[in-house]
Amino acid sequence: VCGSVLSHIPGVGSDSNLEEKKILCVGLACLDIIQVVKEFPEEDSDTRCISMRWQRGGNASNNCTVLSQLGVPCEFFGTLSKQQHLDFMMNDFKAHNINIDNCVYYDNCDTPISVVISSLTTGSRTIIHSNKNLPELTLEDFKKLDLSQYGWIHFEGRNVEEVTPMIEWVEMWNESHSSEQDRGYGLGHKPLPVSLEIEKPRAAAQDLIPMADVLFVSKDFAEFRGCTTMSETLRNLALDTKHNATIISAWGERGAMARAHDGTFVQSPAFPPNKVVDTLGAGDTFCATTLYGLSRGFSLQDCIFLGCQVAGAKVGIDGFVGLN
Ligand code: ADP
Ligand code: FRU
């Protein structure tokens, strides 16, 4: 079922002579320690798992895993600990052909780790995350990037104090450069569009909303804003975004909806697999696939439709390997 999904996506696997610019994903890379259980355990019980695995995780890092499978040149930009687990993380980035040339390495701190309980009965993923002491990226780190290498920058809505000036830096760069083609989505000839994903239900990330050209918001964040439906979410967020922003919201089994820059709405159903086995990173998969479409200028309707198709395929398999 999943095996064929990516091969049917327009452009995937096709030989293009155009030299394509990278998509840069800025955010977290962590280690996910995943224990697959038949049923979610009772508190204070002693359960044996069905299987366990380590997986490179973190939203921006997962976005890259999916982009790379879609054949998009991409780069992960974040901080990494030089201590334990660095080999695992670096080898896995390499295995997925994800560029990490500009990552910032820190001594004497730990790799962020998520312990994930993945339930086979429901496909639910329960995440317990820890980030003891790994410093976040700074504006100074960001300023060292050569922005002309990239065709799109995607930020995770975290580290707000530093990400705010990073986006301002990109905007300044955009003012002195121009794309040959109209990018669509009301972006005109902007060479380096900025997308942003707000997933965690935290107030701080709201400050970033007016900065994004394309805003992804999760169901959790929408509910935190008091919204109960996708359309309400899009109308609510439109009050705070740039006037020409595109707003996209994914809601698990309900699929996804988006508001285009001109105020029109498009929607896609979810595409459930025969059996939902692993929902860890479903949102990251949706986001990466939608970005793939946006960076190629597909219609907004097609972008979220593809996003839901690939995310639907992803929840039917363990991890991300095998989408193609
Ligand atoms: P998150 O990982 O952020 O919680 P969501 O649960 O909103 O993400 O899922 C993102 C997308 O993944 C949805 O829009 C949908 O297309 C797909 N998806 C998630 N869960 C399911 C499911 N149970 N069945 C089918 N598709 C799903
Ligand atoms: C999934 C994910 C996991 C990680 C967690 C961090 O969306 O990126 O890989 O453990 O979220 O919040």
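Cut-offs and rules
- Residues numbered from 1 in each chain as written.
- Chains lettered and ligands numbered in written order.
- Predicted model: local features only at pLDDT ≥ 70, side-chain atom pairs only at ≥ 80, totals over all residues.
- Heavy atoms only, no water.
- Salt bridge = Lys/Arg side-chain N within 4 Å of Asp/Glu carboxyl O.
- Helix = DSSP H or I, 4+ residues; strand = E, 2+ residues; numbered from the N terminus.
- Buried < 20%, exposed > 50% of the residue type's maximum accessible area, 1.4 Å probe, protein only.
- Near = heavy atom within 4 Å.
- Polar contact = N/O pair within 3.5 Å; in protein donor to acceptor, adjacent residues only side chain to side chain.
- Areas by Shrake-Rupley, 256 points an atom, 1.4 Å probe, with all protein chains shown as cover.
- Nonpolar A, V, L, I, M, F, W, Y, C, P; charged D, E, K, R; others polar.
- Pairing = 2+ DSSP bridges.
- Axes fitted to C-alpha atoms, helices over the stretch in contact; angles between N-to-C directions.

## As for the pattern of salt bridges
Scanning all chains against the criterion turns up 17 salt bridges. A salt bridge links Asp 278 to Arg 53; the shortest N-O distance between them is 3.0 Å. Within this pair, whereas Asp 278 is found in the loop between β14 (265-268) and α7 (282-295), its partner Arg 53 is found in strand β3 (residues 51-57), the two being separated by 225 residues in sequence. Judged by relative accessible area, which is 1%, Asp 278 ranks as buried. Each of Glu 171, Lys 190, Asp 213 and Lys 242 takes part in salt bridges that share partners, so that together they form one network.

## So, the site of ligand 1
Around ligand 1, a shell composed of 15 residues is seen, among which Ala 250, Gly 252, Gly 255, Gly 283 and Ala 311 lie nearest. Backbone polar atom of Ala 250 to an oxygen atom of ligand 1: 3.4 Å apart, as the coordinates give it. Contact distances for ligand 1 include 3.1 Å between an oxygen atom and a backbone N or O atom of Gly 255. The fraction of the free accessible surface of ligand 1 (550 Å²) that becomes covered by protein chains is 86%. Going through the elements one at a time, α7 and α8 (300-315) are the ones with two or more residues in the shell around ligand 1. The leading source of residues in the shell around ligand 1 is α7, at three residues.

## Comments concerning the site of ligand 2
Inspection of the region around ligand 2 gives Cys 30, Asp 32, Gly 57, Gly 58, Asn 59, Asn 62, Ser 114, Glu 199, Lys 200, Leu 280 and Asp 284 as its neighbouring residues. Residue Ser 114 places a side-chain N or O atom 2.6 Å away from an oxygen atom belonging to ligand 2. Here an oxygen atom of ligand 2 sits 3.1 Å away from a polar atom, N or O, in the side chain of Lys 200. Burial of ligand 2 by the protein amounts to 94% of the accessible area it has alone, namely 320 Å². Contributing elements (two or more residues each) for the shell around ligand 2: β2 (30-37) and α1 (59-69). Taken together, the residues of the shell around ligand 2 break down into two nonpolar, five polar and four charged.

## Considering the sheet that holds strand β8 (residues 125-130)
The four strands lie next to each other as β3-β2-β7-β8, forming an open sheet whose pairing is mixed. Of all strands in the sheet, those with a lone pairing partner are β3 and β8, marking the two edges. Neighbour-to-neighbour, the strand axes of this sheet turn through a mean angle of 20°, independent of strand direction. In terms of strand pairing, strand β7 (residues 113-119) meets β8 through six bridges, oriented antiparallel. Looking at the pairing, Ser 114 lines up with His 129 of β8.

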